[in-house]
Amino acid sequence: MHVVTESFELQTQGNTDIIDITDNVARAVQRSGVRNGLVCVFSPSSTSGITTLEYESGAIADLQRTFEELVPRDREYKHNLRWGDGNGHSHVRAALLGASFTVPVVDGRLTLGTWQQIIFVDFDVRPRRRRVVVQIVGE
Ligand code: ZN
């Protein structure tokens, strides 16, 4: 069994910026030489998350609006009272979304659906330089 760990960087705009990272992950799997196993994509941050979406402007806008409805920015957050950094909603949204996503790898390819992309969502309130960790486990 092989374990290969990589990372890549992203420049985001913050404020629920949604970025398609499918190609970054697929290239990491190809480089690893692993043919069958799992790839875990992880964001080491408390104000961002990773999931899947059909990456088109309608679905992107719908997901952004849903986060605004579920966890509005203009509510009072104890985190903001304590730290004054204004991103209480960012932490709550990130906790709901989750920091990682795992995809089975079969014959060297991600087993994603045709309209299923892997997305990185940055909930922080300003542009950020982000690092994403990709770990491939298999043979
Ligand atoms: Zn904070």
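Relevant structure appears above.
Remember, it's a predicted structure, so these values are computed and weren't measured experimentally.

(A) Region of the structure containing the overall build of the protein chain. A tally of helices and strands in the protein chain yields 4 helices and 8 strands. Counting from the amino terminus, the protein chain carries its helices and strands in the arrangement β-β-α-β-β-α-α-α-β-β-β-β. Here the C-alpha radius of gyration of the protein chain, 16 Å, is about what a compact globule of 139 residues would show, namely 14 Å. Taking as baseline every contact in the protein chain between residues at least 6 positions apart, the subset at least 24 positions apart corresponds to 82%.

(B) Region of interest: the coordination of the zinc ion. At this site the zinc ion is bound by H79 (NE2), D85 (OD), N87 (OD1) and H91 (NE2), with donor distances of 2.1 to 2.2 Å. Around the zinc ion, the 4 donor atoms sit at angles spanning 87 to 170 degrees, and that spread fits a shape best called irregular. Taken in chain order, the donor set of the zinc ion reads H-x5-D-x1-N-x3-H. Linking H79 in helix α3 (residues 78-83) with H91 in helix α4 (residues 88-97), this pair joins segments that are 12 residues apart in sequence. What makes H79 partly exposed here is its relative accessible area of 26%.

(C) A look at the nonpolar core. I21, V39, I50, L110, I118 and V132 are the most contacted members of the largest nonpolar core, which totals 21 residues. Of all the secondary-structure elements, those providing two or more residues to this core are β1 (2-12), α1 (22-32), β3 (37-42), β5 (100-106), β7 (117-122) and β8 (128-138). If you look at the next biggest cluster of nonpolar residues, it comprises 11 residues, including L53, A59, A94 and I119.

(D) Examining the packing of aromatic side chains more closely. One pass over the full model with this rule turns up 1 aromatic pair. On the numbers, 4.8 Å between centres and 65 degrees between planes, the contact of F67 with F123 is edge-to-face. Highlighted residues: F67 in helix α2 (residues 57-70) and F123 in the loop between β7 and β8, separated in sequence by 56 residues. The exposure class of F123 is buried, given its relative accessible area of 0%.

(E) Up close: the environment of F123. The sequence separation of F123 and S48 amounts to 75 residues, and the corresponding C-alpha distance is 5.4 Å. When sequence neighbours within four positions are dropped, the list of residues in contact with F123 reads N15, T16, T47, S48, G49, F67, H89, S90, R93, A94 and L97.

(F) Layout of unusual backbone geometry. With phi around 60 degrees, T16 is a residue other than glycine that occupies positive phi space. Along the chain, T16 falls in the loop between β1 and β2 (17-20). The backbone of D107 shows a phi angle near 55 degrees, a positive value even though the residue is not glycine. Looking at where D107 falls in the secondary structure, it is placed in the loop between β5 and β6 (109-110). Classification of D107 as partly exposed rests on a relative accessible area of 48%.

Reading guide: rules and limits
- Residues numbered from 1 in each chain as written.
- Predicted model: local features only at pLDDT ≥ 70, side-chain atom pairs only at ≥ 80, totals over all residues.
- Heavy atoms only, no water.
- Helix = DSSP H or I, 4+ residues; strand = E, 2+ residues; numbered from the N terminus.
- Rg over C-alpha atoms; globule rule 2.2 N^0.38 Å.
- Contact = heavy atoms within 4.5 Å.
- Donors = N, O, S within 2.8 Å, 3.2 Å for Na, K, Ca; no water.
- Tetrahedral: all angles 85-135°; square planar, octahedral: opposite > 155°, others 65-115°.
- Buried < 20%, exposed > 50% of the residue type's maximum accessible area, 1.4 Å probe, protein only.
- Core = buried A, V, L, I, M, F, W, Y, C linked by side-chain atoms within 4.5 Å.
- Phe/Tyr/Trp six-rings, centres within 6.5 Å; stacked < 30°, edge-to-face > 60°.

Keep in mind these numbers describe shape, not what the thing actually does.
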